[in-house]
Structure formats: C-alpha cells, structure tokens
Amino acid sequence: GALGATAALAASGAAGWGLWQRPAAADDEPAYDLMPDKPLRYRGSATKALRKAKKPHPCSMHNRFVQGCSEVKVFAGSANPELAKEVAEGLGTQVGKSSVARFADGEVSVKIDESVRGKDVYIVQPTSPPVNEHLMELLLMVSALRHASAKRVSIIVPYFGYMRSLSQSVISRDHEDWNYARSNLAAKDVAHMMEVAGAQRVVAVDMYPVGQGMAEGFFDRAPIEQISSSDAIIDDLVDKLELSSRGFGDGDLVVVAPHASCLAKAKQFRNELVNRVGYQIDLATIIRTPPPPKSPPGTPRKVDLVGNVEGKSVLIVEDLIETGRTTVSAVDAVLNAGAKDVSAYASHCLLSSGAAELLQASGLRRLVTLNTVPIAPEKAAALPKLRQLSIAPEIASLIRQMHYEEK
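Residues numbered from 1 in each chain as written. Predicted model: local features only at pLDDT ≥ 70, side-chain atom pairs only at ≥ 80, totals over all residues. Heavy atoms only, no water.

Peer 1: Just to check I follow, could you spell out the pattern of salt bridges for this structure?
Peer 2: Under the counting rule described, the total for this entry stands at twelve salt bridges. Across the pair Asp206 and Lys265 runs a salt bridge whose closest N-O atoms are separated by 3.6 Å. Of this pair, Asp206 sits in the loop between strand 8 (201-205) and strand 9 (224-227) while Lys265 sits in helix 8 (residues 263-277), and the two are 59 residues apart along the sequence. Note on accessibility: Asp206 and Lys265 belong to one class, buried. If you follow the salt bridges from partner to partner, you end up with Arg102, Glu133 and Glu137 in one network. (Salt bridge = Lys/Arg side-chain N within 4 Å of Asp/Glu carboxyl O. Helix = DSSP H or I, 4+ residues; strand = E, 2+ residues; numbered from the N terminus. Buried < 20%, exposed > 50% of the residue type's maximum accessible area, 1.4 Å probe, protein only.)

Peer 1: Just to check I follow, could you spell out the sheet that holds strand 14 (residues 341-349) for this structure?
Peer 2: Two pairing modes exist for strands in a sheet, parallel and antiparallel, and in both the strands are linked by backbone hydrogen bonds. On the basis of which strands lie adjacent, the open sheet formed by seven strands has the order 12-11-10-13-14-15-16 and mixed pairing. Looking at strand neighbours, the two that pair on one side only are strand 12 (302-306) and strand 16 (386-389), the edges of this open sheet. Across the sheet, the mean angle from the axis of one strand to that of its neighbour is 25°, orientation sign disregarded. Bridge count for strand 11 (residues 282-289) against strand 12 is five bridges, and the pairing is antiparallel. Its bridge partner being in strand 12, Ile286 is matched across the sheet by Leu305. (Pairing = 2+ DSSP bridges. Axes fitted to C-alpha atoms, helices over the stretch in contact; angles between N-to-C directions.)

Peer 1: Honestly, the packing of aromatic side chains in this entry has me stumped. Any pointers?
Peer 2: Two descriptors summarise a pair of aromatic rings, namely the distance from one centre to the other and the angle between the planes of the rings. Taken as a whole and judged by the stated rule, the model has three aromatic pairs. Ring geometry for Phe248 and Tyr279: centres 6.1 Å apart, planes at 70°, overall edge-to-face. Placement of the pair is Phe248 in the loop between helix 7 (234-241) and strand 10 (253-257) and Tyr279 in the loop between helix 8 and strand 11, with a sequence separation of 31 residues. You'll find Phe248 and Tyr279 in the same group, each marked buried. Taking the centre distance of 4.9 Å and the plane angle of 40° together, the rings of Phe269 and Tyr345 count as tilted. (Phe/Tyr/Trp six-rings, centres within 6.5 Å; stacked < 30°, edge-to-face > 60°.)

Following this line, the structure appears as structure tokens:
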C-alpha cells in the first residue's frame, strides 16, 4: 500500500524527499519523519490526527442543559456571595475562585484564581451599598475575565443601582417647574461602563421603574434580560402572606401602589395574584404631591389615596425600600382610610440607618422582600416582621436557557 511504497522510497534514499526511518521496537510499526531532528509526528498510521479532537459539549450531546456542566462558571463579588452560592448550587457547580483586595488608598484589585479560557462565565454582583465600591468591583471583574480569555462574560445584577436618577426631579430655585436639563442620566452611563468593560449580556431583577421599559434603551450592544418577581415568586408570596388560607373572597384584598412609579408593578402583581388565588382583588394607588418650591425644609409631601380600602386587607407593592419613610406613610394612609390590616412586598430592601426600627414600629403586619441585597444580621434582628424569598432558582433557570438553547 501507500505506507509500503513510502518505506521503500525511504530505504532507497531517494533524493528530494529527505525521509528518515527511525529504528522501531519489535512491537512497533515503522514510523517516519521528514526531519530527523524534529519530534515524531506520525506513529503507525499516517492518518492519525495531529492533536486530540475536542470533547463534544455535554449539553449538545444531550440536547439540554446538563447539571454541573464544566463549560459554565459562576463568580461572585463581595456584595452578595450567598446569592451567588445558591445560584451555583442550582446549576450543579461551585462558585469560581477569585480574589478581591483593596490598596491602602481604597483602590480595588481583582484577580481570577482559576482558568476560564473558553468558558461561559456569569458574575453575580448587585450594586448595593456601598454602590460605587461594588460597581467598580464588578467592572474590574468583567475586565479580568475578558483578559483571561473567557468565551462570554454575562453579569447578573440583582439590584441595579443608579436607576433612581430617572425619577428624581431638580427644582429650579427661580421657577416653579421641574428642570431635567442639567440632570445626569446615571443609569445610561453605568450601562455604557458595563459594555466597555466587556459585559456581553446583562440580567437584572425588577429594574426601577418596573414595567416602564426604560432599561432596554440604556444598553447599545449587550442585550438585557429582566426577571420579573411577579412571575417568579408569586406562589411563595401567597404562602408567606397566607393569602389562600385566610378565607378571602372577592374584594377582600386590595393591592396598593405607594407611589405612581409603582402602579405598573402593582397591576402586574394584582393580575398574577388573581390567577393564583382565584378571587377578585382590587387596586388602589397613592398620589404624592411635592410641596411648593419655597416651602420650609422638611415639609412632607401631600399624600392622597385613590381607591377604597375600608374594612379590607391591604398589600402594598413597593419596588425599593431604603429609609422606609415612603412605605410607612403609605401604611398610615391606608390605616387612616379604614384598612383592616396591612402587609407589604418590596423587590429590594436596602434598609439604611434607622429604617428597620421605623418599619417595625409601623402598623405593618408583615414585610416580604427578595434576597437581591443581603440584610445585615443586626437589621434583621431589629425587624422580626421581615421575611425574605430567594430569587436564586429563577436566576439559575435563566442561566440554563442562556447557556444552552434546546434545538
């Protein structure tokens, strides 16, 4: 055959080919190289591949996401490592090894302590307080992973900071109007920084303001996926608030939006709750009117309740609780209007100084929130009314879909 002809040609010392026969052991087949000073390339068969074939993707072999897929890596910043651990466990893997350090002047240093070459990487990092520290940490981690030759870097931002600048009004000192011309669009700037750092996909939970579609316009290149808590945790919320076991009938429960920007979210929750519990639920909202520009400092906003809550149980649906003052004023408004009892749900619970004590002293029956932002133990101890629901299963489910789409 062809191998025998080549061997004969080499034995005859034909000029121009320069073939060299290396002595072979008794149990070896003849092997040939073009250059005697180079390592042997072929042994036995001339058709043997130069390198091993790449192993097929385990998800492609099964046409579904495989738990513990080695091609998926989950990394965590310092903002919410417990949530990242839950997400990794939901994917059948562990949180990747990384180091976050700070210099004496406060500069952040990020190092990836394992190989991510060719991997599909996900970073779990909310931009919770201290916002700037966690945001810079996220950006540097994205950059480090891109430099480490990750195939794709996606960021999971359960709480996306800097969104509230969209609704903050700047009151002109000379005119009684709202002046946006000299305000910054911080959320757009943050989105641009994420894209420049190398983020290729973004996932967020209930970006503020919910249901108004603003976030999608902030990103030019990276597609953004939003997880709606009204779809994700409605069953757990019904169980936590005992909405099925308290004997409610049509009109006995009212969902209240504590301010206008929460109205779209309150409608979503009302619709999902109706589908879940099977009885009619009413909707109400609170209108907050800012004081006139020349009012004394500390003048509260005028609060008007639109809707009937007399003799009914109330569920306040909030997007974010920080100081707790907005939520407490909503609780007072509905109780003064004759509400029987009041519970509240918030997607993100930041709880600044004094917020836990303020909420605990209010007329709230129970407060339910997601674990997008960790609650400090001392704040949790000061607020026994607080219950947390995990968003990790929904994040893990979305990662499975993002990593491998079934054919």
